[in-house]
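# Structure at a glance
Listed below, chain by chain, are the residues.
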Amino acid sequence: MTDIALKMPWLKKPWQVIQSRLSEGRLPHALLVTGECGVGKRAWADAVSSLLLCAKPLRKEAGTPVACGQCRQCQLISASSHPDVRVYAPEKSRMIKIEQVRQLSAFAVSSPQVASRKIAVIDRADQLNINSANALLKTLEEPVPDFVLILLQESGRPVLPTIRSRCQVLSIPVPSAEQAEQWLVGEVAELEEGKQPSPELMAKSLMLAGNAPRLALEYATGEFPALRDEAFDKFRQFMKGQVAVAEAAKAFKALGLEDMLWLFEGWASDLARLCAGGTANDHEAGEMLGFLASRNPAWRAHELLDQVRETRAAGVYNVNPELEASRLLIAWRELMPTKRRAS
Ligand SMILES: [Zn+2]
């Protein structure tokens with residue numbers, strides 16, 4: 001039996017929507033699921049695929065169905081080799097291409113091979129370019145009875161309204177700090193000894209991931225926290241005029257473009273929050289950002305957020321991460337008060 005809501009309790013609400021719609025025989029043909037990066041959107045989509053394809057779903061006390069975990073369908077899904085489930089994700093270009101959407105459309109109208117229906121997951125729908133999104137409209141406008149489309153969207157990244165309006169929209173909340181920690185501790189316990197991160201690193205990873213548990217797991221078992229610390233040190237030194245922009249930019253380049261933009265975006269969001277009287281999610285950067293927030297109007301924070309978005313959009317066309325880091329760093333330093341010249 002696989003009940004995702006037991007393992008990841010914050011998924012409960014969007015999960016129950018699917019359980020009851022399935023029981024009532026009113027399954028939507030297209031779902032758009034939004035949530036922060038690393039909150040468990042893909043785990044939710046996998047659980048929904050199992051539930052929708054399981055040959056013998058079990059009924060729980062309240063009559064809500066769960067996948068049995070035993071039948072052939074469930075086995076194929078847990079081995080990620082079910083022929084009636086397809087996942088479409090961005091390839092090298094960081095965008096989902098029109099060819100991928102064409103394959104999806106052909107899959108939608110084909111006959112299921114071993115299950116009673118087919119499921120396609122687009123991970124992520126916010127990375128459909130305009131042509132791919134338009135190509136997807138036809139599939140959305142002409143629903144096929146034995147086909148369910150699941151679109152995953154990262155919070156804050158737009159999906160075309162024409163797509164959105166044709167889907168049932170569900171959102172996955174960020175878990176409470178306690179839920180996130182509990183889940184992370186459970187996952188870490190399953191890792192080999194020697195590969196288990198320290199409690200301090202787990203706490204830091206949860207903080208950096210804003211309690212998005214899957215992202216925190218990735219951080220706790222990867223290089224990100226160490227690279228981020230190095231970049232943050234250089235960032236502080238650069239802001240105080242202690243190192244040159246080129247040196248600081250190198251530390252950011254080491255993170256790779258995605259993670260680098262993620263950091264700058266997080267700090268700019270924290271700055272906007274602080275300008276509005278809130279608190280910073282990144283506690284370690286809080287003091288420096290608080291200093292900047294006390295000396296700059298809120299629009300400066302939004303300007304920095306816009307610059308990150310511009311770089312991310314340009315990132316589709318192979319930008320140079322070191323140059324982009326320099327550009328963003330220089331924009332940040334404009335927020336520092338200029339010293340009065342001695343007369
Ligand atoms: Zn089953």
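Residues numbered from 1 in each chain as written. Predicted model: local features only at pLDDT ≥ 70, side-chain atom pairs only at ≥ 80, totals over all residues. Heavy atoms only, no water.

This part covers the coordination of the zinc ion. Working reference: metal with six octahedral donors, ideal angles 90 or 180 degrees; metal with four tetrahedral donors, ideal angle 109.5 degrees. Protein coordination at the zinc ion comes from Cys-54 (SG), Cys-68 (SG), Cys-71 (SG) and Cys-74 (SG), with a distance range of 2.3 Å. Geometry at the zinc ion is tetrahedral, judged from the four donor atoms that bind it and their angles of 102 to 117 degrees at the metal. As a motif over one chain, the donors of the zinc ion read C-x13-C-x2-C-x2-C. Within this pair, whereas Cys-54 is found in the loop between α3 (41-53) and β2 (58-59), its partner Cys-74 is found in helix α4 (residues 72-78), the two being separated by 20 residues in sequence. Of the two residues, Cys-54 and Cys-74, neither departs from the other in class, the shared state being buried. (Donors = N, O, S within 2.8 Å, 3.2 Å for Na, K, Ca; no water. Tetrahedral: all angles 85-135°; square planar, octahedral: opposite > 155°, others 65-115°. Helix = DSSP H or I, 4+ residues; strand = E, 2+ residues; numbered from the N terminus. Buried < 20%, exposed > 50% of the residue type's maximum accessible area, 1.4 Å probe, protein only.)

Look at helix α2 (residues 12-23): 16 Å from first C-alpha to last across 12 residues, which is about the 16 Å you get at 1.5 Å a residue. Those residues of α2 that sit buried are Pro-14, Trp-15, Ile-18, Gln-19 and Arg-21. Contacts from the buried residues of α2 go to α1 (4-7), β1 (30-35), α3, β3 (65-66) and β7 (168-171). One or two residues past the end of α2 sits Gly-25, with phi positive at roughly 65 degrees. (Expected span 1.5 Å × (residues − 1). Contact = heavy atoms within 4.5 Å.)

Moving on: the layout of surface pockets. To locate leftover empty space, one rolls a probe as large as a water molecule over the atoms. By volume, the largest pocket is sized at about 700 Å³. Asp-46, Ala-47, Ser-50, Ile-77 and Ser-78 are, among the 27 residues lining the largest pocket, the residues nearest its centre. Those elements that place two or more of their residues in the lining of the largest pocket are α1, α3, α4, β4 (85-88) and α8 (177-189). Considering every element that reaches the lining of the largest pocket, the biggest residue donor is α3, with six residues. Its residues assigned to classes, the lining of the largest pocket shows 11 nonpolar, nine polar and seven charged. (1 Å grid on protein atoms, 1.4 Å probe; cavity = no way out; pocket = protein on both sides within 12 Å on 5 of 7 lines; lining within 4 Å. Points joined across faces, edges and corners; volume = space filled by probe spheres on them. Nonpolar A, V, L, I, M, F, W, Y, C, P; charged D, E, K, R; others polar.)

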